[in-house]
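# Examining the three-dimensional arrangement
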Amino acid sequence: IHSFCKKDDHNKENLFNSLNYDVAAKKRKKDLLNNKAKIQYFHQEKWIYVHKGSTKERHGYCTLGEAFNRLDFSSAILDSRRFNYVVRLLELIAKSQLTSLSGIAQKNYMNILEKVVQKVLEDQQNIRLIRELLQTLYTSLCTLVQRVGKSVLVGNINMWVHRMECILHWQQQLNNIQITRPAFKGTTFTDLPLCLQLNIMQRLSDGRDLVSLGQVAPDLQVLSEDRLLWKKLCQYHFTDRQIRKRLILSDKGQLDWKKMYFKLIRCYPRKEQYGDTLQLCRHCHILSWKGTDHPCTANNPETCSTSLSPQDFINLFRF
């Protein structure tokens, strides 16, 4: 204490430099811990008030990054009803909204993506869906890093290069998955009557799943080529006007619904359907998952909730 109280300028300069060194060292240690953090940014409330204008009580706007931090996506991916919804939302953000996320939101995005990949590796389901998501994200990052410039991404460029390497590693892990045949010897899909097999196949909403199913056995190959099956699939996803614009005739002069389906999906978006979605309360403008308690003053809050598709969720934060 006596040495610090001296009037010698040299000692004062040493004290100043020592304090600066301690602050810099603490900052580097904090940044290192933040970069290695694998825990999503936590909020006690699992809902967020969406406001599009400044008022005397509250200033600014609710951003996409803020909503991504507040809503419980880490738990949502463990729910089979919400899994596809979250994956689709991650894909839309990767396509065009990645730069609009804050630094902590981008970190949460990568952490949730890692949890999604680990879940798929464990249960060996939705492999193709996650492959498409990773490819979309990697393509977007290549464009942002190489063509546009590193200034559009929050954080050090080396950190994003490391994340791109992680994406490539995840893609390799998905490619190495070997799906094993179940050990039980009970009734299989092919043991069911043909009418039940066809009824189950009619509930598949992706034509690629029908093609994959038809490659399992010769009998399933015949069922997967059923014209009525592909007709219902086209009518489910597309309008009559869209179908009329993309008519294709087979060699026998009949409508080739299978070829029409794959041509239609290249021209128009498919119909999306999810087991559970995010809900927006029209009365209090609070965004949350269905069943989440929020401070709503309406007499019947359930009648005020509106389901949002992933694209509606993105559009909600475009001002």
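Heads up: these notes are all about the structure in this document. (Residues numbered from 1 in each chain as written. Predicted model: local features only at pLDDT ≥ 70, side-chain atom pairs only at ≥ 80, totals over all residues. Heavy atoms only, no water.)

### What about helix 5 (residues 103-123)?
Think of an α-helix as turning once every 3.6 residues; residues three or four places apart then point the same way. End to end, helix 5 covers 31 Å across 21 residues, agreeing with the expected 30 Å (1.5 Å per residue, within 8%). Every buried residue of helix 5 is accounted for by A105, Q106, K107, N108, Y109, M110, N111, I112, L113, V116, V117 and V120. At the C-terminal side of helix 5, Q124 shows a positive phi close to 55°. (Helix = DSSP H or I, 4+ residues; strand = E, 2+ residues; numbered from the N terminus. Expected span 1.5 Å × (residues − 1). Buried < 20%, exposed > 50% of the residue type's maximum accessible area, 1.4 Å probe, protein only.)

### Notes on the sheet that holds strand 3 (residues 286-289)
Pairing is antiparallel across the open sheet formed by 4 strands, whose spatial order is 1-3-2-4. A single partner strand is all that each edge strand has here, and the edge strands are strand 1 (47-49) and strand 4 (305-308). The average angle at which neighbouring strand axes cross in this sheet is 25°, direction not considered. Here strand 2 (residues 278-281) pairs with strand 4 via 4 bridges, running antiparallel. Paired with Q279 across the two strands is S307, which belongs to strand 4. (Pairing = 2+ DSSP bridges. Axes fitted to C-alpha atoms, helices over the stretch in contact; angles between N-to-C directions.)

### Some points on the nonpolar core
Counting 54 residues, the largest nonpolar core has F73, Y109, I130, L137, L287, F313 and F317 as the members making the most contacts within it. The contact partners of Y109, leaving out residues within four places of it in the chain, are F68, L90, I93, A94, L98, L101, L133 and L137. In this structure, M201, L223, W257 and Y261 belong to the second largest nonpolar core, which totals 16 residues. (Core = buried A, V, L, I, M, F, W, Y, C linked by side-chain atoms within 4.5 Å. Contact = heavy atoms within 4.5 Å.)

### Quick notes on the pattern of salt bridges
Pairing between side chains of opposite charge can happen when their charged atoms approach one another. For the coordinates displayed, the defined rule picks out 13 salt bridges. Across the pair R82 and D79 runs a salt bridge whose closest N-O atoms are separated by 4.0 Å. Of the residues examined, R82 reaches a relative accessible area of 15% and is grouped as buried. Its relative accessible area of 18% is what places D79 among the buried residues. In this structure, the salt-bridge partner of R270 is D206, at a minimum N-O distance of 3.2 Å. You can see R270 sitting in the loop between helix 13 (257-267) and strand 2 and its partner D206 sitting in the loop between helix 8 (194-201) and helix 9 (207-214), a full 64 residues away along the chain. (Salt bridge = Lys/Arg side-chain N within 4 Å of Asp/Glu carboxyl O.)

### Comments concerning the side chain of S288
Structurally, the position occupied by S288 is in strand 3. Ignoring sequence-local partners within four residues, the contact set of S288 consists of K46, W47, L71, L278, Q279 and H294.

### Side note on the pairing of strand 2
In strand 2, alternate side chains face the same way, and those of L278 and L280 on one face and Q279 and C281 on the other are all buried. One ladder, built from 3 bridges, connects strand 2 with strand 3; its direction is antiparallel. Residue pairing in the sheet places Q279 in a bridge with S288 of strand 3.

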